Amino acid sequence: MKTDRADILALLRNSEGYISGQQLCGRFGVTRTAVWKAVNQLKEEGYRIESVPHKGYRLLESPEDILSSGEIASRLTTVWAGRTLYYHDVTGSTNNDAKRLGEEGAPHGTVVAADVQNAGKGRRGRGWETRPGEVLPFTLLLRPDFAAEKASMLTLVMALSVAQAVERMTKTKDRVCIKWPNDIVMNGKKICGILTEMTMTPEMDEIQYIVVGVGINVNHESPEEFGAEIRDKASSLKMETGVSVNRAELLNEVLCSFETNYAVFAETLDMSGLKEDYQKHLQGVGGEVRVLDPAGEYTGVSQGINERGELIVVKENGEKVQVYAGEVSVRGLYGYV
Ligand code: ATP
């Protein structure tokens, strides 16, 4: 979508009354015809815009859930996250797009969002499934100046931000859980995955940029809308809460939460300020978990996270292990959670 259209939509959305064609022309330095064209294109996309002679334009209604750069930009209330924004109807992977932009110098806070990814990525080279209109896949590019060993905590910061945003959007408390370190689950089903990737400077002494990729299942109405291999463990916000969520609004809510949480994280460069909130959402604290460590699988009791965001697990023999997020997955003893 051209910026004019996105800007016009943003102005209409955030105004109470009518905005005259004159005001729109003046504000964006475009002609009357350009405004008229942009408004017509918005109408074609499903926005109901009233135009009254001598008064101007007014946004009456938006399509229920449309994802476009205009829709996202017009809902953005963040300070820095998403202020540089790229949107694709279809892309390979938003993480790969963000990494490319990272190489080209894109600023801290750049967001790449898409409707569909046809090569979405999970951890350890696994895939992330998206179908048109159902998932919100996006990636946030960060250029932090802290040491590389802190980076894995950003996955936890994002997980907390997604959980809080989902709670606000669906008005659901208690049921939005985090499966350490990077999945959001509701009623034992996965509704979101997060993949954080880091690129170091050529000298390997500093972080060049980090991309935090998120895929949230939003609009699926039944298990059949997921691929056979994930059908029994995946679900969506619609399926778990019955609420229809606007993906652009959800993206804004996640980014707003992330900005707040990131500021808290940045004060101490660890999870101490966020630990209590994270722990409230953490699935299975006090229960038995299976730790799928590539170096060897074991079971133990989860005691929640420490300040470095590691999961504390006490093995049967009493040994206390601090599990580092990197390559490890955690399961319930008898199933996914
Ligand atoms: P796990 O979810 O097995 O604990 P993980 O956290 O390492 O492991 P991710 O990297 O978050 O997994 O995501 C990849 C996995 O998520 C895939 O292997 C697949 O099983 C599952 N998956 C892929 N697409 C979706 C989706 N849309 N919804 C839920 N789960 C999905």
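Please read these numbers as outputs of a predicted model, since none were measured by experiment. (Residues numbered from 1 in each chain as written. Predicted model: local features only at pLDDT ≥ 70, side-chain atom pairs only at ≥ 80, totals over all residues. Heavy atoms only, no water.)

Q: I'm lost on the site of the ligand in this one. Help?
A: If you check the shell around the ligand, you find 19 residues, and the closest are Arg-123, Arg-126, Lys-179, Lys-190 and Arg-331. Within the contact set of the ligand, a nitrogen atom lies 2.9 Å away from a backbone nitrogen or oxygen of Glu-129. Contact with the protein chains covers 94% of the free accessible surface of the ligand, which is 630 Å². Looking at the shell around the ligand, the elements that each hand over two or more residues are strand S8 (189–200) and strand S14 (329–332). (Near = heavy atom within 4 Å. Polar contact = N/O pair within 3.5 Å; in protein donor to acceptor, adjacent residues only side chain to side chain. Areas by Shrake-Rupley, 256 points an atom, 1.4 Å probe, with all protein chains shown as cover. Helix = DSSP H or I, 4+ residues; strand = E, 2+ residues; numbered from the N terminus.)

Q: How should the domain arrangement of the protein chain be read in this particular structure?
A: One widely used convention gives an interface's size as the accessible area the parts lose upon coming together. Split into domains, the protein chain comes out as domain 1 (5–61), domain 2 (69–281) and domain 3 (288–332). In this structure, domain 1 and domain 2 have C-alpha centres spaced 32 Å apart. On the side of domain 2, 4 residues touch domain 1, which itself brings 6 residues to the contact. Carbon and sulfur atoms make up 50% of the area that domain 1 and domain 2 hide from each other, which totals about 430 Å². On the domain 1 side of the interface with domain 2, the three residues burying the most area are Ala-6, Arg-13 and Tyr-47, jointly 73% of the side's total. The salt bridge partner of Arg-13 is Glu-71, with a shortest N-O separation of 3.5 Å. One can count 3 residue pairs in polar contact (both at pLDDT 80 or more) joining domain 1 with domain 2. Taken together, the residues of the side of domain 1 that touches domain 2 sort by class into 4 nonpolar, 1 polar and 1 charged. (Domains from an automatic or database assignment. Contact = heavy atoms within 4.5 Å. Buried area = accessible area lost by both parts, 1.4 Å probe. Salt bridge = Lys/Arg side-chain N within 4 Å of Asp/Glu carboxyl O. Nonpolar A, V, L, I, M, F, W, Y, C, P; charged D, E, K, R; others polar.)

Q: Would you mind going over the packing of aromatic side chains with me for this structure?
A: Ring pairs (aromatic) are described by centroid distance and by the angle formed between their planes. One pass over the full model with this rule turns up 4 aromatic pairs. Residues Tyr-262 and Phe-265 carry aromatic rings whose centres are separated by 6.3 Å and whose planes lie at 35° to one another, so their mutual orientation is tilted. Note that Tyr-262 and Phe-265 are positioned in helix H8 (residues 247–268) at a spacing of 3 residues, about one turn of the helix. Here Tyr-262 matches Phe-265 in class, with each residue buried. Through pairs of rings, three or more aromatic residues link up here, namely Trp-80, Phe-146, Phe-258, Tyr-262 and Phe-265. (Phe/Tyr/Trp six-rings, centres within 6.5 Å; stacked < 30°, edge-to-face > 60°. Buried < 20%, exposed > 50% of the residue type's maximum accessible area, 1.4 Å probe, protein only.)

Q: Help me understand the packing of helix H6 (residues 153–170) against H8, please; the structure alone is not making it clear to me.
A: Between two packed helices, the angle of one axis relative to the other and the distance separating the axes together describe the packing. Between H6 and H8, whose axes approach to 8 Å, the crossing angle comes to 135°. The angle between H6 and H8 places the two elements in the oblique class. Crossing of H6 against H8: the hand is right-handed. On H8, the residues that touch Met-153, Leu-154, Val-157, Met-158, Leu-160, Ser-161, Val-162, Gln-164, Ala-165, Val-166, Arg-168 and Met-169 of H6 are Glu-249, Leu-250, Glu-253, Val-254, Ser-257, Phe-258, Asn-261, Tyr-262 and Phe-265. Among the residues forming the contact of H6 with H8, the class breakdown is 14 nonpolar, 4 polar and 3 charged. (Axes fitted to C-alpha atoms, helices over the stretch in contact; angles between N-to-C directions. Parallel < 35°, antiparallel > 145°, perpendicular 65-115°, else oblique. Left-handed = near helix turned anticlockwise from the far one by under 90°.)

Q: Where do I start with the sheet that holds strand S11 (residues 296–305) in this structure?
A: Across a sheet, strands are paired by hydrogen bonds formed along the backbone, either parallel or antiparallel in direction. Spatially, the 5 strands line up as an open sheet ordered S13-S12-S11-S10-S14, and their pairing is antiparallel. The sheet terminates laterally at strand S13 (320–323) and S14, the two strands that pair on one side only. Each strand axis lies, on average, 45° off the axis of its neighbour in the sheet, ignoring direction. Of the strand pairs in this sheet, strand S12 (residues 311–315) and S13 are connected by 4 bridges, and their pairing is antiparallel. Within S13, the position partnered with Ile-312 by the bridge is Gln-322. (Pairing = 2+ DSSP bridges.)

Q: Even after reading the chapter, I still don't get the pairing of strand S2 (residues 56–61), so can you show me in this structure?
A: Side chains on a regular strand alternate between the two faces of the sheet. Two elements, strand S1 (residues 48–52) and S2, share 5 bridges in a ladder whose sense is antiparallel. In the strand pairing of S2, Val-52 is matched with Gly-56. Between the end of S1 and the start of S2, which pair antiparallel, lie 3 residues, with His-54 showing a positive phi angle near 70°.

Q: Would you mind showing me how to read the side chain of Arg-331 here?
A: In this fold, Arg-331 is placed in strand S14. No salt bridge forms around the buried Arg-331; measuring N to O, its nearest opposite-charge neighbour Asp-183 is 5.9 Å away. For Arg-331, the residues in contact, after removing those within four places along its chain, are Lys-179, Lys-233, Val-289, Arg-290, Leu-292 and Tyr-336. (Lys, Arg positive; Asp, Glu negative; His and termini not counted.)

Q: What should I look at first to understand the sheet that holds strand S5 (residues 135–142) in this one?
A: A sheet is described by the order of its strands in space; here 7 strands give the open sequence S3-S4-S5-S9-S8-S7-S6, paired in mixed fashion. Both outer strands of the open sheet, strand S3 (85–91) and strand S6 (176–179), are each paired with one neighbouring strand and no more. Shown here is a sheet whose adjacent strand axes are inclined to one another by a mean of 20°, direction ignored. In this structure, S3 lies alongside strand S4 (residues 111–117), joined through 6 bridges in parallel fashion. In the strand pairing of S4, Val-90 is matched with Val-116. On the sheet, helix H5 (residues 94–103) packs against S3, S4, S5, S8 and strand S9 (207–217) and is oriented at approximately 155° with respect to S9. Of the strands in this sheet, S4, S5 and S9 touch H8, which is tilted by about 35° from S5.

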